[in-house]
Amino acid sequence: MATMTAAQKREQARVAYDAFLSACPTNQLLDRLSDKWVSLVVAALSTGPMRYSDLSRKIAGVSPKMLTQTLRSLERDGILTRTVTPSVPVRVDYELTQLGGSLAQLMTAVKSWAETHFDEVHAARERYDTGSEDAKGKNKTKAKA
């Protein structure tokens, strides 16, 4: 096996984490983080620890199965911690880790952007959907040029 130079090792390491490559672990992480339930759980926990039932009430539309799967995957990834307090009934709290806190800044910014700009996006969708075929054809022609 040939010995690699320092420059070759640096280049290999740089390529190793290229999220544009489908086999890259960072691509897989982006796939997980782009899930809407992940975004909403992280944003909800950005205000502080919450119990499962609190999260379930705050995040409308999430099924118990999906919330459980999302919480488990985030715990596995080190984004949140799960603390069980023995009592009757047992108390389980979820809280962001330091890593999760840094992600929460991004997720809450995206959530805020979506809430602020939804009307503009909705209007653009309507313009696009009701636009003439000519206008759509011109847009495609411009994109090819």
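Conventions adopted
- Residues numbered from 1 in each chain as written.
- Predicted model: local features only at pLDDT ≥ 70, side-chain atom pairs only at ≥ 80, totals over all residues.
- Heavy atoms only, no water.
- Pairing = 2+ DSSP bridges.
- Helix = DSSP H or I, 4+ residues; strand = E, 2+ residues; numbered from the N terminus.
- Buried < 20%, exposed > 50% of the residue type's maximum accessible area, 1.4 Å probe, protein only.
- Salt bridge = Lys/Arg side-chain N within 4 Å of Asp/Glu carboxyl O.
- 1 Å grid on protein atoms, 1.4 Å probe; cavity = no way out; pocket = protein on both sides within 12 Å on 5 of 7 lines; lining within 4 Å.
- Points joined across faces, edges and corners; volume = space filled by probe spheres on them.
- Nonpolar A, V, L, I, M, F, W, Y, C, P; charged D, E, K, R; others polar.

(A) Quick look at the pairing of strand 2 (residues 80–85). Relative to strand 3 (residues 91–96), strand 2 runs antiparallel, the two sharing 6 bridges. The residue of strand 3 that forms the bridge with Val84 is Val92.

(B) View of the environment of Lys36. Positionally, Lys36 belongs in helix 3 (residues 36–45). By relative accessible area, which is 52% here, Lys36 ends up exposed. Between the C-alpha atom of Lys36 and that of Val62, which follows or precedes it by 26 residues, the distance is 10.0 Å.

(C) Spotlight on the sheet that holds strand 3. With respect to topology, 3 strands assemble into an open sheet ordered 1-3-2, the strand pairing being antiparallel. Each having just a single partner strand, strand 1 (50–51) and strand 2 make up the two edges of the open sheet.

(D) Focus on the pattern of salt bridges. Applying the stated rule across the entire model yields 4 salt bridges. The residue Arg57 makes a salt bridge to Asp54 at a minimum N-O spacing of 2.7 Å. In this pair, Arg57 and Asp54 both sit in helix 4 (residues 52–58), 3 residues apart, roughly one turn of the helix. Asp54 gets classed as partly exposed once you look at its relative accessible area, which sits at 27%. With its nearest N and O atoms 3.0 Å apart, the salt bridge here joins Glu115 to Lys111.

(E) Representation of the layout of surface pockets in the model. Reported here for the largest pocket is a volume of approximately 190 Å³. Forming the boundary of the largest pocket are Ser34, Lys36, Ser39, Leu40, Ala43, Met107, Val110, Lys111, Ala114 and Glu115. Secondary structure elements with two or more residues in the lining of the largest pocket: helix 3 and helix 6 (98–130). Per-element accounting of the lining of the largest pocket gives the leading share, 5 residues, to helix 6. Across the lining of the largest pocket, the residue classes break down as 5 nonpolar, 2 polar and 3 charged. The computed volume of the second largest pocket comes to approximately 150 Å³.

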